[in-house]
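So the chains spell out like this:
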Amino acid sequence: GVAAIAGTALALKQDPCAGCDEGLALAYQMCAREHGDPCTELNGAGILSSGPGTKKDVGCCMKKEKHDRCLQCKSMDCEFKTCNVNKQYYSERTLVMEAKTKTKEAYESHDAKAMKAAGWGL
């Protein structure tokens, strides 16, 4: 009855693109460093297998799957605000460094060199 309705309402509101932040990216990197692909199946002897078995690390496997989903979400087209997406997921640091190259201070040194080379006598 009521629990089934509440469960259905919760399922409709869950956002697969929620939680795509730097914390997840860091957790994913730590798992990847420790386990490689944590979703790889191991057989009873702890050896990699192609068939069903036990995942290397279930918690890290869930982080990897979430990370992969976030990368998919990042590329989604949300033109009409139909989804909640962090377009900068897994590239925050790169974007900051790129932005620093486009500041007034960054251009000043290049502009002065270029103008002097062009004979402007600076």
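Procedures and definitions
- Counting restarts for each chain: residues are numbered from 1 in the order of the written sequence.
- In keeping with the model being predicted, local features are shown solely for residues with a pLDDT of at least 70 and side-chain atom pairs are shown and tallied solely at 80 or more, while totals for entire chains, interfaces and linings include all residues.
- Heavy atoms from the whole structure form the basis of all side-chain values; hydrogens and water molecules are not counted.
- Strands here mean DSSP runs of E at least two residues long; helices mean DSSP runs of H or I at least four residues long; both are numbered from the N terminus.
- Type-normalised accessible area, obtained with a 1.4 Å probe on protein chains alone, sets the label of each residue: buried when under 20%, exposed when over 50%, and partly exposed for intermediate values.
- Contacts are assigned to residue pairs with any non-hydrogen atoms lying within 4.5 Å of each other.
- The term salt bridge refers to a side-chain nitrogen of Lys or Arg lying within 4 Å of a carboxyl oxygen of Asp or Glu.
- By disulfide we mean two sulfur atoms from cysteines, separated by a distance within 2.5 Å.
- What is meant by a nonpolar core is a set of buried Ala, Val, Leu, Ile, Met, Phe, Trp, Tyr and Cys residues, joined one to another through side-chain atoms within 4.5 Å.
- Planes of paired rings set the category: under 30 degrees apart is stacked, over 60 is edge-to-face and the rest tilted, where pairs are Phe, Tyr or Trp rings (Trp by its six-membered ring) whose centres lie within 6.5 Å.

Asker: It is not clear to me how the overall build of the protein should be interpreted in this structure. Could you clarify?
Answerer: Along the protein, the regular secondary structure elements total 5 helices and 2 strands. Helices (α) and strands (β) of the protein occur, in sequence order from the N terminus, as α-α-β-β-α-α-α. The buried share of the protein, reckoned over its 122 residues, is 19%.

Asker: Can you help me understand the environment of Ala106 in this one?
Answerer: If you trace the backbone, Ala106 turns up in helix 5 (residues 104–117). Each residue touching Ala106, except ones within four places of it in the same chain, is listed here: Lys100 and Thr101.

Asker: Whenever I open this one, the pattern of salt bridges confuses me. Can you help?
Answerer: When their charged atoms lie close together, side chains carrying opposite charge are able to pair. Taken as a whole and assessed by the stated rule, the structure comprises 3 salt bridges. Between Glu22 and Arg93 there is a salt bridge, with its nearest N and O atoms 2.7 Å apart. In this pair, Glu22 is assigned in helix 2 (residues 22–35) and Arg93 in helix 4 (residues 92–100), connecting sequence segments 71 residues apart. Note that Lys55 and Glu41 form a salt bridge whose closest N and O atoms lie 2.7 Å from each other. Taken as a pair, Lys55 in strand 2 (residues 54–55) and Glu41 in strand 1 (residues 41–42) lie far apart in primary sequence, 14 residues in all. Exposure remark for Lys55: the relative accessible area of 30% places this residue in the partly exposed category.

Asker: Would you explain the state of the cysteines in this entry?
Answerer: Evaluated as defined, the whole model comprises 4 disulfides. Disulfide partner of Cys20: Cys70, at an S-S distance of 2.0 Å. Between Cys20 and Cys70 the disulfide shows an S-S torsion of about -85°. By sign, it is left-handed. With a gap of 50 residues between them, Cys20 in the loop between helix 1 (2–13) and helix 2 and Cys70 in helix 3 (residues 58–74) connect regions that are remote in the sequence. Judged on exposure class, the residue Cys20 and its partner Cys70 are both buried. Two residues, Cys39 and Cys61, share a disulfide whose sulfurs are 2.1 Å apart. Where Cys39 bonds to Cys61 through sulfur, the torsion about that S-S bond is close to 110°, and the disulfide is right-handed. Taken together, the positions of Cys39 in the loop between helix 2 and strand 1 and Cys61 in helix 3 put the pair 22 residues apart, joining distant regions of the chain.

Asker: Is there a simple way to explain unusual backbone geometry in this structure?
Answerer: For residues other than glycine, phi is negative in most cases, and the peptide bonds are mostly trans. One non-glycine residue, Tyr90, adopts positive backbone phi at about 65°. As for its position among the elements, Tyr90 is in the loop between helix 3 and helix 4.

Asker: What is the right way to look at the nonpolar core in this model?
Answerer: Nonpolar side chains in soluble globular proteins generally cluster together in the buried interior. In terms of nonpolar packing, the biggest core is built from 5 residues, these being Cys20, Leu24, Ala25, Cys70 and Tyr89. Leu24 has contacts with Gly19, Lys63, Lys66, His67, Cys70 and Tyr89, leaving out every residue within four places of it along the chain.

Asker: Any chance you could explain the packing of aromatic side chains here in plain terms?
Answerer: Both the distance between ring centres and the angle between the ring planes are used here to describe each pair of aromatic rings. What the rule picks out here adds up to 2 aromatic pairs. Relative to Tyr90, the ring of Tyr28 lies with its centre 6.3 Å away and its plane at 70°, an arrangement referred to as edge-to-face. With Tyr28 in helix 2 and Tyr90 in the loop between helix 3 and helix 4, the pair connects residues that are 62 residues apart, well separated along the chain. A network of ring pairs unites the aromatic residues Tyr28, Tyr89 and Tyr90 as a single cluster.

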